[in-house]
Amino acid sequence: MSQDPEYRIHTDIRFGPLKLIDVMQMGRDNHPWFNQSLCEINDCVVRIGVLHGDFHWHHHDDEDEFFLVMEGKLLIDLEDRTIELNPGQGFAVPRKIRHRTRAPERTVLVMFEGSGVVPTGD
């Protein structure tokens, strides 16, 4: 598992309102760290991530994050514990909480977060 992957993070909004989004098709990107903003909902964005490996420790000063696993397995390390998410499971990380994500296998997930969030942390 790579400790320092090349992140491919795209914060541009890929789909406007009233557009069909095939999340699983978007998740077929083979790069181990792919992140694309899909659409905006009120003051939030919906993103897809394709992960395999370890992300760095970080936090978000003003934004909460929600992770929903579509396929694979996601580990979310917090200061005092690790949360394991399998397909169909989600977890919210409140603002200011230091965390990192790890995917021991190729994992596709959907993230919901404020539109002002910096994906790599503050």
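Heads up: the structure comes first, above all this text.
Before going into details, it helps to say that this report is about the structure given with it. Keep in mind it's a predicted model, so treat the numbers as computed, not measured. (Residues numbered from 1 in each chain as written. Predicted model: local features only at pLDDT ≥ 70, side-chain atom pairs only at ≥ 80, totals over all residues. Heavy atoms only, no water.)

### A short note on the overall build of the protein
- What the protein contains, in helices and strands, is one helix and eight strands.
- Scanning the protein from its N terminus toward the C terminus, one meets helices and strands in the order β-α-β-β-β-β-β-β-β.
- For the C-alpha atoms alone, the extent of the protein along its principal axes is close to 40 × 30 × 25 Å.
- By the burial criterion, 42% of the 122 residues in the protein qualify as buried.
- With an accessible surface of roughly 6,700 Å², the protein has 50% of that area assigned to carbon and sulfur atoms. (Helix = DSSP H or I, 4+ residues; strand = E, 2+ residues; numbered from the N terminus. Buried < 20%, exposed > 50% of the residue type's maximum accessible area, 1.4 Å probe, protein only. Areas by Shrake-Rupley, 256 points an atom, 1.4 Å probe, with all protein chains shown as cover.)

### Things to note about the environment of Ile41
- Counting through the fold element by element, Ile41 comes out in strand S2 (residues 33-41).
- For the pair Ile41 and Arg98, spaced 57 residues apart in sequence, the C-alpha to C-alpha distance is 25 Å.

### Concerning the packing of aromatic side chains
- A complete count under the given rule lists two aromatic pairs for this structure.
- Between Phe66 and Phe112, the ring centres sit 5.8 Å apart and the planes meet at 45°, which makes this aromatic pair tilted. You can see Phe66 sitting in strand S4 (residues 65-71) and its partner Phe112 sitting in strand S8 (residues 99-114), a full 46 residues away along the chain.
- Since its relative accessible area comes to 30%, Phe66 is described here as partly exposed.
- Its relative accessible area of 36% is what places Phe112 among the partly exposed residues. (Phe/Tyr/Trp six-rings, centres within 6.5 Å; stacked < 30°, edge-to-face > 60°.)

### As for the pattern of salt bridges
- Following the criterion strictly, the structure yields eight salt bridges and no others.
- Ionic pairing is found between Asp80 and Arg81, a salt bridge with its closest N-O pair at 3.9 Å.
- Taken together, the salt bridges that share partners define one network made up of Asp77, Arg100 and Arg102. (Salt bridge = Lys/Arg side-chain N within 4 Å of Asp/Glu carboxyl O.)

### A few points about the nonpolar core
- Among the nonpolar cores identified, the biggest contains 15 residues, and Phe67, Leu74, Ile76, Leu85 and Phe91 are the most heavily contacted of them.
- Looking at this core, the elements with two or more residues in it are S4, strand S5 (74-78), strand S6 (82-85), strand S7 (90-93) and S8.
- Setting aside chain neighbours within four positions, we find Leu74 in contact with Leu51, Phe67, Val69, Ile83, Glu84, Leu85, Thr101, Arg102, Thr107 and Leu109.
- Core analysis: the second largest hydrophobic core is formed by 10 residues, Phe15, Val50, Val108 and Val110 among them. (Core = buried A, V, L, I, M, F, W, Y, C linked by side-chain atoms within 4.5 Å. Contact = heavy atoms within 4.5 Å.)

### Considerations on the pairing of strand S3 (residues 44-54)
- Buried residues dominate S3, accounting for nine of its 11 residues.
- In this sheet, S3 lies alongside S2 in antiparallel orientation, the contact comprising eight bridges. Across the sheet, the residue bridging to Glu40 is Val45, located in S3.
- Two successive antiparallel strands, S2 and S3, enclose a turn made up of two residues, where Asn42 displays a positive phi of approximately 55°. (Pairing = 2+ DSSP bridges.)

### So, the side chain of Thr101
- Within the fold, Thr101 resides in strand S8.
- Among the residues examined, Thr101 registers a relative accessible area of 5% and is labelled buried.
- Not counting the four nearest positions on each side in its chain, Thr101 is found in contact with Trp33, Leu51, Gly53, Asp54, Phe55, Phe67, Leu74, Leu75 and Ile76.

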